[in-house]
Amino acid sequence: MSATTSEARSPLPLLFRGGRASTAPLGTTEERSPLSLLFRRRSSKDVKNITSVSSSLLPAFGTVVDKNPSSKPFIVLPYDRRYRLWELYLVILVGYSAWASIFELAFEKAADGAFLTIDLVVDFFFAVDIVLTFFVAYLDTSTYLIVDDYNLIARRYLKSLAFVMDVVSTLPIQFIYKTVTGNSGRGQAFGFLNLLRLWRLRRVAELFKRLEKDTLFNYFVIRVIKLLCVTIFWVHIGGCILFWIAYHYPSPVDTWIGSQVEDFKDRSIWLGYTYSMYWSIVTLTTVGYGDLHAVNTREKTFNMFYMLFNIGLTAYIIGNMTNLVVHGALRTFTMRSAFNHILRYTSKNKLPDMMRDQMLAHMQLKFKTAELKQEEVLQDLPKAIRSSINEHLFRSVIENAYLFKGLPDGLIVQLVSNIKAEYFPPKMEMILQNEIPTDFYILVSGGVEIIRSKGASEQVLAKLGPGDMAGEIGVVFNIPQPFTVRTRRLSQVIRIGHHRFKEMVQSDIEDSKMIITNFMTYLKDLNDDLKKEIPFLRDLLANEDAQGTVHKEEAPQSNNDEIVMVPGDENEKKEEHKREGAPIRVIIHGHPPNQDNNNNGRLVMLPDSIQLLFDLAEKKLGRRGSTIVMADGAHVEQLDALRENDNLYIF
């Protein structure tokens, strides 16, 4: 204990024990490890298109990805914004071709004229898409890498079913027949061939699948639009099939449409389409007004299958809508269930009404602030992103807290990275008196009360507001919390753990000195009521003042000099006593350990020798002793065996 050293002692012996870390200061030109280049943070400006992140084009682990996978000319990436717009335009054309292919089958007269011209224009765009597909890179499902080789793209597309179906559904067969033969080409065969265009509906399914995962669109709205499109398309199919059955029945009058409009074949196609859609919608909704019934065997057969399919479609729609509605109310259901559990628990264990109200208030606040709590929102994000967010939100709060004023940026960043934001409802205990100090808090908003509990009575000693700290006295002194801290209103706080805080600051003695200086300055400004409740605080402040006076009288010392212990007798020779590590604080008592004199003892700095300890005890306790024992009766012969916060009995 009497060995000397050139390193400075840490001014926080209870909290910041440990050696100095061998880290180079900021701004030095020390050679960096090549590994640091692998973890360079990527700027947000480098991500020019969010679709490149959300397109599911992820390489396998250990695979090296080129920076520019589309460096070859005329190659189109599947997640390119312009190609996505082209796909969206094609989806609009798919909607028309799906509607028109079934409509032209049922209403043959509509296959000529304007519909034929529009079909040719639509087929032209899909023919262009076939050519474009030979230049669109694709995702290799085995390696999850983009393949941009012309030959591989062409070979893959030509061997797939998609190429055959794309070509067959795009060929204008009716127009080719009319051009070659000169006939109009009207007939059921061409109508059934036009049904091949329904192959294009796969584009619509892919679009909805992508939109449901896109955060720019509301999931509920997208699902409702999808269900609405499915319902309308099925109603359209049912109405067109009913009209097709009636149109080709040998006796048109013996059909449902014929019973309503006898000459429906010679009337406008839109009149027939209106009647067909009316029948389909009323049958789908199973309302019925007594005017809808199958007249012939064909209609009865179709009605049976149509209504059976309607059962499945209705179940699909109701199931999806129920899922969407229940998902929106799930949080409310969970909250009410949690409340019921709390009420049953408090009733079974006969807890006081105050505890029950606190539990309910905490649970209600938890659900109200679920979207704002740092843990729930940031738990799936990388630590670098979480640290950046915390720094943006709370750095100014940390810097303005009295304990951290003047600290370097490096330590501030470490502190911000290890904080947790929390909310406390009004009248909620944040810290209980005499509990083990595990955390301390900085108030961001709201207010708290510092309360001293004496039996059943409570005394409010102080009130704290935004920017103030609570619980740090117990953490720094490493003693049970001396006060109860209770919120006065809804309060937002940031919590810092005791052990993480100690690990961060113990590596640099200069930071420890600055923290303890700020802390001692704060303690000196406390009101008398607070000082009275901490037994050793007055003696500690007196020691600090005495040491400050001695240092002023002595010559200035270098930064590597140790703290000078003041001898008890002013006539003794003043010399510096140095020892390795941080100074140790002990609690001394002036009676044997088996006697209780209602004396809490005196917290002192452990001197370098037993003789000096006797001198210090005589000064503090008023009488000189000759024996030093521990609480268990063991005699102290060497000071090296003592630890922090040991109780020494000198008599």
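Residues numbered from 1 in each chain as written. Predicted model: local features only at pLDDT ≥ 70, side-chain atom pairs only at ≥ 80, totals over all residues. Heavy atoms only, no water.

Peer 1: Is there a simple way to explain the overall build of the protein in this structure?
Peer 2: Tallying secondary structure elements over the protein gives 22 helices and 14 strands in all. Within the protein, the fraction of its 651 residues that count as buried is 39%. Counting only contacts in the protein whose residues sit at least 6 apart along the sequence, the fraction spanning at least 24 positions is 68%. Counting only carbon and sulfur atoms, one obtains 57% of the accessible surface of the protein, whose full area is about 38000 Å². (Helix = DSSP H or I, 4+ residues; strand = E, 2+ residues; numbered from the N terminus. Buried < 20%, exposed > 50% of the residue type's maximum accessible area, 1.4 Å probe, protein only. Contact = heavy atoms within 4.5 Å. Areas by Shrake-Rupley, 256 points an atom, 1.4 Å probe, with all protein chains shown as cover.)

Peer 1: How do you make sense of the UniProt feature "transmembrane region" (unreviewed entry) in the protein when you look at a structure like this?
Peer 2: Mapped onto this numbering, the UniProt entry gives "transmembrane region" (unreviewed entry) at residues 88-107, 113-139, 220-249, 269-292 and 304-326. Across residues 88-107, helical content stands at 95% and strand content at 0%; the span's end C-alpha atoms are separated by 29 Å. Helix and strand shares over residues 304-326 are 100% and 0% respectively, and the end C-alpha atoms of the span are 33 Å apart. (UniProt positions renumbered as here; feature names shortened; annotations may be inferred.)

Peer 1: Just to check I follow, could you spell out the sheet that holds strand E8 (residues 469-470) for this structure?
Peer 2: Either a parallel or an antiparallel arrangement is found when strands of a sheet pair, and the pairing is made through backbone hydrogen bonds. Strand order in the open sheet formed by four strands is E3-E10-E5-E8, and the pairing between neighbours is antiparallel. In the strand order of this sheet, the two ends are held by strand E3 (419-424) and E8, each with one partner. Bridge count between E3 and strand E10 (residues 491-497): six bridges; the pairing is antiparallel. Bridge pairing in E10 places Lys 420 opposite Arg 495. Packed onto the sheet, helix H18 (residues 498-505) meets strand E5 (439-445) and E10 and runs at close to 60° relative to E10. (Pairing = 2+ DSSP bridges. Axes fitted to C-alpha atoms, helices over the stretch in contact; angles between N-to-C directions.)

Peer 1: Could you clarify how one ought to interpret a nonpolar patch on the surface in this entry?
Peer 2: On the surface, Leu 171, Ile 173, Phe 175, Ile 176, Val 180 and Leu 193 cluster together into a nonpolar patch covering about 510 Å² of accessible area. For the nonpolar patch, the leading source of residues is helix H6 (residues 173-181), giving four residues. Note on placement: Ile 176 falls in helix H6. (Patch = residues over 30% accessible without salt bridge, like charges linked within 9 Å, V, L, I, M, F, W, Y side chains within 5 Å. Salt bridge = Lys/Arg side-chain N within 4 Å of Asp/Glu carboxyl O.)

Peer 1: Explain the packing of helix H15 (residues 383-400) against helix H16 (residues 409-417) here, please?
Peer 2: The relative placement of two packed helices is expressed as an angle between their axes plus a distance between the axes. Contact geometry for H15 and H16: axes closest at 8 Å, N-to-C directions at 115°. In terms of crossing hand, the pair formed by H15 and H16 is right-handed. Contact residues: H15 offers Ser 387, Asn 390, Glu 391, Arg 395, Ile 398 and Glu 399, while H16 offers Asp 409, Ile 412, Val 413, Leu 415, Val 416 and Ser 417. Here the contact of H15 with H16 is composed, by residue class, of five nonpolar, three polar and four charged. (Left-handed = near helix turned anticlockwise from the far one by under 90°. Nonpolar A, V, L, I, M, F, W, Y, C, P; charged D, E, K, R; others polar.)

Peer 1: Help me out: how do you make sense of the nonpolar core in this one?
Peer 2: General note: in soluble globular proteins, nonpolar side chains tend to be found buried as a group. Core analysis: the biggest nonpolar cluster contains 56 residues, and Ile 398, Phe 404, Ile 442, Phe 477, Phe 501, Phe 519 and Leu 523 have the highest contact counts within it. Ranked by residues supplied to this core, first place goes to helix H19 (residues 509-524) with five residues. Setting aside residues up to four positions removed in sequence, Phe 404 forms contacts with Ile 398, Glu 399, Ile 412, Leu 415, Phe 440, Ile 442, Met 469, Ile 496, Phe 501 and Asn 518. Among the nonpolar cores identified, the runner-up in size contains 26 residues, and Phe 107, Trp 234, Leu 242 and Trp 279 belong to it. (Core = buried A, V, L, I, M, F, W, Y, C linked by side-chain atoms within 4.5 Å.)

Peer 1: Looking at this structure, I do not really get the pattern of salt bridges. What am I missing?
Peer 2: One side chain can pair with another of opposite charge once the charged atoms of both are near each other. As enumerated under the stated definition, the model contains 24 salt bridges in all. Across the pair Arg 210 and Glu 87 runs a salt bridge whose closest N-O atoms are separated by 4.0 Å. Here Arg 210, found in helix H8 (residues 201-213), pairs with Glu 87, found in helix H2 (residues 81-106); they are 123 residues apart in sequence, far enough to count as distant. In this structure Arg 210 comes out as partly exposed when scored by relative accessible area, which is 28%. Accessibility expressed as a relative area gives 18% for Glu 87, which makes it buried. Look at the salt bridges and you will find they share partners, linking Glu 104, Asp 119, Asp 123, Arg 197 and Arg 200 into a network.

Peer 1: Which parts of the structure should I look at to understand the packing of aromatic side chains?
Peer 2: Tallied over the full model, the rule gives 32 aromatic pairs. In this arrangement the basic side chain of Arg 156 is found over the ring face of Tyr 138, its NZ or CZ atom lying 4.2 Å from the centre. Residue placement shows Lys 265 over the ring face of Tyr 247; its charged tip is 5.0 Å from the ring centre. (Phe/Tyr/Trp six-rings, centres within 6.5 Å; stacked < 30°, edge-to-face > 60°. Lys NZ or Arg CZ within 6 Å of the ring centre and 35° of its normal.)

Peer 1: Sorry, what's going on with unusual backbone geometry here?
Peer 2: Glycine aside, negative phi is the norm for most residues, and most peptide bonds take the trans geometry. Its identity as a non-glycine residue notwithstanding, Asn 434 has a phi of 75°, on the positive side. Checked against the element boundaries, Asn 434 lands in the loop between strand E4 (429-431) and E5. Residue Asn 478 is not a glycine yet carries a positive backbone phi of 55°. Within the secondary structure, Asn 478 sits in the loop between helix H17 (472-477) and strand E9 (484-487). Residue classification places Asn 478 among the partly exposed residues on the basis of a relative accessible area of 37%.

Peer 1: What exactly am I supposed to notice about the sheet that holds E4 here?
Peer 2: Taken in spatial order, the four strands make up an open sheet running E4-E9-E6-E7, and their pairing is antiparallel. Whereas interior strands pair on both sides, the edge strands pair on one side only; in this sheet they are E4 and strand E7 (457-464). Each neighbouring strand pair of the sheet contributes to a mean axis angle of 35°, computed without reference to strand direction.

Peer 1: How should helix H22 (residues 610-621) be read in this particular structure?
Peer 2: With twelve residues, H22 ought to run about 16 Å at 1.5 Å a step, and its terminal C-alpha atoms sit 16 Å apart, in line with that. Within H22, the full set of buried residues consists of Leu 612, Leu 613, Phe 614, Asp 615, Leu 616, Ala 617 and Leu 621. Buried residues along H22 sit against strand E11 (585-589), strand E12 (602-605), strand E13 (628-629) and strand E14 (647-650). The first or second residue beyond H22 is Gly 622, which carries a positive phi of 90°. (Expected span 1.5 Å × (residues − 1).)

Peer 1: Sorry, what's going on with the confidence of the model for the protein here?
Peer 2: Atom-level detail of predicted coordinates should not be read off regions where pLDDT is low. For the protein, the average pLDDT comes to 76, and 77% of its residues sit at 70 or higher. Across residues 1-65, where pLDDT falls below 50, the model places 109 contacts with residues more than four positions away in sequence or in other chains. For residues 549-581, every residue scores under 50 in pLDDT, and the model assigns this stretch 54 contacts once sequence neighbours within four places are set aside. (pLDDT = per-residue confidence, 0-100.)

Peer 1: How should I be thinking about the pairing of E10 in this particular structure?
Peer 2: Strand residues, when the strand is regular, have side chains that alternate between the two faces of the sheet. With seven of its seven residues buried, E10 lies for the most part within the structure. Burial of E10 is two-sided: the residues Ser 491, Val 493, Arg 495 and Gly 497 facing one way and the residues Gln 492, Ile 494 and Ile 496 facing the other way are all buried. Note that E5 and E10 share six bridges and pair antiparallel. Bridged to Ile 442 within E10 is Ile 494.

Peer 1: I would appreciate a short explanation of the side chain of Ser 101 in the present structure.
Peer 2: Position of Ser 101 relative to the elements: it lies in helix H2. On the accessibility criterion, Ser 101 (0% relative accessible area) is buried. There is a polar contact of 3.1 Å between the side chain of Ser 101 and the backbone oxygen of Ala 98. (Polar contact = N/O pair within 3.5 Å; in protein donor to acceptor, adjacent residues only side chain to side chain.)

Peer 1: Teacher, can you tell me more about H18 here?
Peer 2: Working note: α-helix, 3.6 residues per turn, so residues spaced by three or four point in the same direction. Taken residue by residue, H18 has His 498, Phe 501, Met 504 and Val 505 as its buried positions. Seen along its axis, H18 keeps its buried residues to an arc of 130°; they face one direction. In this fold, the buried residues of H18 make contact with H16, E5, H17, E10 and H19. (Arc of directions from axis to C-beta.)

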